[in-house]
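Listed below, chain by chain, are the residues.
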Amino acid sequence: MPSYDRLGELLDPATTVLLTVECQQGVVGPDSALPELAEEARSSGALANVARLVAAAHEGGVQVIHAIAERRPDGRGASRNARLFRAAERLPVQQLSGTTAVRPAAPIEVAEEDFVVRRLHGLSPLQGTEVDALLRNLGCRTLIVTGVSANVAIPNAVFDAVNRGYTVVVPTDAIAGVPSDYTPAMIRHTLALVATVATTDEVLACVSRRRRTVRR
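The model shown is predicted, which means the values in this text are computed figures rather than measured ones. (Residues numbered from 1 in each chain as written. Predicted model: local features only at pLDDT ≥ 70, side-chain atom pairs only at ≥ 80, totals over all residues. Heavy atoms only, no water.)

Novice: Which parts of the structure should I look at to understand a nonpolar patch on the surface?
Specialist: Together, Phe159, Leu193 and Val194 make up an exposed nonpolar region whose accessible area comes to about 270 Å². Secondary-structure assignment places Leu193 in helix 8 (residues 182-194). (Patch = residues over 30% accessible without salt bridge, like charges linked within 9 Å, V, L, I, M, F, W, Y side chains within 5 Å. Areas by Shrake-Rupley, 256 points an atom, 1.4 Å probe, with all protein chains shown as cover. Salt bridge = Lys/Arg side-chain N within 4 Å of Asp/Glu carboxyl O. Helix = DSSP H or I, 4+ residues; strand = E, 2+ residues; numbered from the N terminus.)

And the structure:
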């Protein structure tokens, strides 16, 4: 884990953005297309921790971006070049544009100042979406990555962000994947090599300290 001072330096609200990845009803909600992943996100506390981070970001002046994966009812423009995409087409719950499945899931609250970025293709919330341009226009230097899944979208987001020059912070208890023992192993052996890893409480403490400093 990073030192408290080092983490605090990274989490300047003026240059920090919080990204939630696929925290949508059709993925982590009660009627998920992926019930095992949804159960892990909820039972591990990861989804609740994402909600805590979003609430603190709203209060502390940290920009929030919600990355949503969806597809058109006719499937046009969707990726089909991997087994994952073809399997998703056969799931009983589809992430269709305009449906409740692609709305951010409770207990996450979306504020008026948040951005909701939707993608119709690919595995990454950054590659081929508006997210990178928004981050640059917002003056982002540090990106906090949260959400699901630790198997695919989270590592994609982290590597894409690092390749684009951002410093990434991953709250280890605010991401989830399956099986449950995969996530800590992936963090330890992969994400920790390229990102700053911390707990949700450590991130919240730094954001809170920044907020108290600004108000004085």
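Novice: What is the right way to read the nonpolar core from this model?
Specialist: Across soluble globular proteins, nonpolar side chains show a tendency to be buried alongside one another. Core analysis: the largest hydrophobic core is formed by 31 residues, its most contacted members being Leu11, Leu18, Val28, Ile108, Val148, Val169 and Val203. Of all the secondary structure elements, the ones that give two or more residues to this core are helix 1 (4-10), helix 2 (25-28), helix 3 (35-43), helix 4 (46-60), strand 4 (142-148) and helix 9 (200-215). For this core, the leading source of residues is helix 4, giving 8 residues. Every residue in contact with Val203, bar those within four places of it in the chain, is listed here: Leu7, Leu11, Leu53, Ile144, Val169, Pro171 and Ala198. Ranked by size, the runner-up nonpolar core spans 28 residues in total, among them Ile154, Val158, Ile175 and Leu191. (Core = buried A, V, L, I, M, F, W, Y, C linked by side-chain atoms within 4.5 Å. Buried < 20%, exposed > 50% of the residue type's maximum accessible area, 1.4 Å probe, protein only. Contact = heavy atoms within 4.5 Å.)

Novice: Would you take a moment to explain the pairing of strand 4 for this structure?
Specialist: On any regular strand, side chains alternate: one points to one face of the sheet, the next to the other face. Along strand 4, 7 of the 7 residues are buried, which leaves the element largely enclosed by surrounding structure. With burial as the criterion, each face of strand 4 is covered, one bearing Thr142, Ile144, Thr146 and Val148 and the other bearing Leu143, Val145 and Gly147. Two strands pair when backbone bridges link them, and strand 1 (residues 16-21) and strand 4 are joined in this way by 6 bridges, in the parallel orientation. Residue pairing across strands places Thr20 opposite Thr146, the latter belonging to strand 4. With 3 bridges connecting them, strand 4 and strand 5 (residues 167-171) associate as parallel partners. Residue pairing in the sheet places Thr142 in a bridge with Thr167 of strand 5. Handedness of the β-α-β unit built from strand 4, helix 7 (residues 153-163) and strand 5 comes out right-handed. Alignment of strand 4 against strand 6 (residues 175-176), held across 2 bridges, turns out to be parallel. Of the residues in strand 6, the one forming a bridge with Gly147 is Ile175. (Pairing = 2+ DSSP bridges. Right-handed = clockwise from strand over helix to strand, strands pointing away.)

Novice: How should the environment of Ala205 be read in this particular structure?
Specialist: Here Ala205 is to be found in helix 9. Residue class for Ala205 comes out partly exposed when judged on its relative accessible area of 28%. For the pair Ala205 and Leu126, spaced 79 residues apart in sequence, the C-alpha to C-alpha distance is 27 Å.

Novice: Is there a simple way to think about the side chain of Thr142 in this case?
Specialist: Here Thr142 shows up in strand 4. Thr142 sits in the buried class, given a relative accessible area of 3%. Within the structure, Thr142 has its side chain in polar contact with the backbone oxygen of Leu10 (distance 2.8 Å). The residues touching Thr142, leaving out its near neighbours within four places in the chain, are Leu10, Leu11, Thr15, Thr16, Val17, Thr167 and Val169. (Polar contact = N/O pair within 3.5 Å; in protein donor to acceptor, adjacent residues only side chain to side chain.)

Novice: Even after reading the chapter, I still don't get helix 8, so can you show me in this structure?
Specialist: Two residues of an α-helix separated by three or four positions point the same way, owing to the 3.6 residues in each turn. Across its 13 residues, helix 8 extends 18 Å between first and last C-alpha, which sits within 8% of the 18 Å expected from 1.5 Å per residue. By the largest-angle criterion, Arg188 marks the main kink of helix 8, which is about 40°. Three or more residues of helix 8 are buried, namely Thr183, Met186, Ile187 and Leu191. The inward-facing, buried residues of helix 8 contact helix 7, strand 5, strand 6 and strand 7 (196-198). (Expected span 1.5 Å × (residues − 1). Bend = angle between axes of the 7 residues up to and from the residue.)

Novice: I would appreciate a short explanation of the pattern of salt bridges in the present structure.
Specialist: Here the idea is simple: oppositely charged side chains can pair when their charged atoms come close. Enumeration according to the criterion identifies 9 salt bridges in this entry. Across the pair Glu22 and Arg119 runs a salt bridge, and its minimum N-O distance is 2.8 Å. Residue Glu22 is located in the loop between strand 1 and helix 2, and its partner Arg119 is located in strand 3 (residues 115-119); the two are separated by 97 residues in the primary sequence. In this structure, the salt-bridge partner of Arg80 is Glu89, at a minimum N-O distance of 2.8 Å. Overall, Arg80 belongs to the partly exposed group, its relative accessible area being 43%. Glu89 sits in the partly exposed class, given a relative accessible area of 32%.

Novice: Even after reading the chapter, I still don't get the pairing of strand 2 (residues 63-69), so can you show me in this structure?
Specialist: Among the 7 residues in strand 2, 7 count as buried, and that is most of the element. With burial as the criterion, each face of strand 2 is covered, one bearing Gln63, Ile65, Ala67 and Ala69 and the other bearing Val64, His66 and Ile68. Note that strand 1 and strand 2 share 5 bridges and pair parallel. In the sheet register, Leu19 faces strand 2, and the bridge partner there is Ile65. As judged from the 5 bridges shared by strand 2 and strand 3, these two strands associate in the parallel manner. Of the residues in strand 3, the one forming a bridge with Ala69 is Arg119.

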